[in-house]
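Letter by letter, the chains look like this.
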Amino acid sequence: MNRIIIFIIILLFAKNIFAGTTMILAKDPPIGQSIEKKKLPPCVSAFLNEKLINGKGVSQDAEGTLTVENNDDQKIYFNLTLKTNLNKKNEPPIYLRFIKVSNLDIRRVLDYAKIGDEVYIEQFVGTSGATINCAPSSFIVT
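Small disclaimer: the values here were computed from a predicted structure and weren't measured. (Residues numbered from 1 in each chain as written. Predicted model: local features only at pLDDT ≥ 70, side-chain atom pairs only at ≥ 80, totals over all residues. Heavy atoms only, no water.)

On to the side chain of threonine 84, then. Position of threonine 84 among the secondary structure elements: in strand E5 (residues 78-84). Classification of threonine 84 as buried rests on a relative accessible area of 11%. For threonine 84, the side chain forms a polar contact with the side chain of aspartate 117, separated by 2.7 Å. When sequence neighbours within four positions are dropped, the list of residues in contact with threonine 84 reads Pro93, Ile94, Lys114 and Asp117. (Helix = DSSP H or I, 4+ residues; strand = E, 2+ residues; numbered from the N terminus. Buried < 20%, exposed > 50% of the residue type's maximum accessible area, 1.4 Å probe, protein only. Polar contact = N/O pair within 3.5 Å; in protein donor to acceptor, adjacent residues only side chain to side chain. Contact = heavy atoms within 4.5 Å.)

As structure tokens, this is what we get:
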């Protein structure tokens, strides 16, 4: 008898979970319709040789040291992600990541980049569980 009661409770609990999921999925727009997302400002500013590069293009031949500051103008540790495509049909992009760096020779990134690749830079937060509600800084390889 206890097994039947436990089974019914689990069944009701599972039904509520899946019903909630269905409601969430029902709120998604039909495929092909775009959603206007609120653009968040970047939390960090990226500098190449002390010149701001947020949102700008960086030449594939650029040289120098990449540093990052937070909104308090303090140099911080950061994560950098290079997103590159192989330009092959039905192939996903490849990501090259540098994690927890204080400064980085830009050649270490650009040696793997092609024109049009995207680079994202975000503040390193570690395992503290802190969440940062802002967009990463980024630039395009030109």
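After presenting the structure, the write-up continues.
The next point concerns the confidence of the model for the protein. The predicted model of the protein has a mean per-residue pLDDT of 78, with 76% of residues at 70 or higher. Per-residue pLDDT stays below 50 along residues 17-29; that stretch engages in one contact with residues further than four places along the chain or on separate chains. Below a pLDDT of 50 lies the segment residues 31-37, which in the model reaches one contact outside its immediate sequence neighbourhood of four places, other chains included. (pLDDT = per-residue confidence, 0-100.)

In terms of nonpolar packing, the biggest core is built from 25 residues, with Leu66, Phe78, Leu80, Val119 and Ile121 touching the most fellow members. Secondary-structure elements contributing two or more residues to this core are strand E1 (44-48), strand E4 (65-70), E5, strand E6 (94-101), helix H2 (107-110), strand E8 (118-123) and strand E9 (137-141). (Core = buried A, V, L, I, M, F, W, Y, C linked by side-chain atoms within 4.5 Å.)

As a further point, take the pairing of E9. Relative to E9, strand E3 (residues 57-58) is paired through two bridges, and the arrangement is parallel. Residue glycine 57 lies in a different strand from E9, and its bridge partner there is isoleucine 140. Two elements, E8 and E9, share four bridges in a ladder whose sense is antiparallel. Looking at E9, one finds that tyrosine 120 is bridged to serine 138. (Pairing = 2+ DSSP bridges.)

Attention shifts here to the environment of lysine 83. Residue placement: lysine 83 occurs in strand E5. By relative accessible area, lysine 83 is classed as partly exposed at 24%. Sequence separation between lysine 83 and valine 119 is 36 residues, and the spatial gap between their C-alpha atoms is 6.2 Å. Not counting chain neighbours up to four residues away, the residues in contact with lysine 83 comprise Pro93, Ile94, Tyr95, Asp117, Glu118 and Tyr120.

Turning our eyes to something else, we now look at a nonpolar patch on the surface. There is a patch of nonpolar side chains on the surface, built from Met1, Ile4, Ile5, Ile8 and Ile9 and spanning about 540 Å² of accessible area. Along the polypeptide, isoleucine 4 turns up in helix H1 (residues 2-27). (Patch = residues over 30% accessible without salt bridge, like charges linked within 9 Å, V, L, I, M, F, W, Y side chains within 5 Å. Areas by Shrake-Rupley, 256 points an atom, 1.4 Å probe, with all protein chains shown as cover. Salt bridge = Lys/Arg side-chain N within 4 Å of Asp/Glu carboxyl O.)

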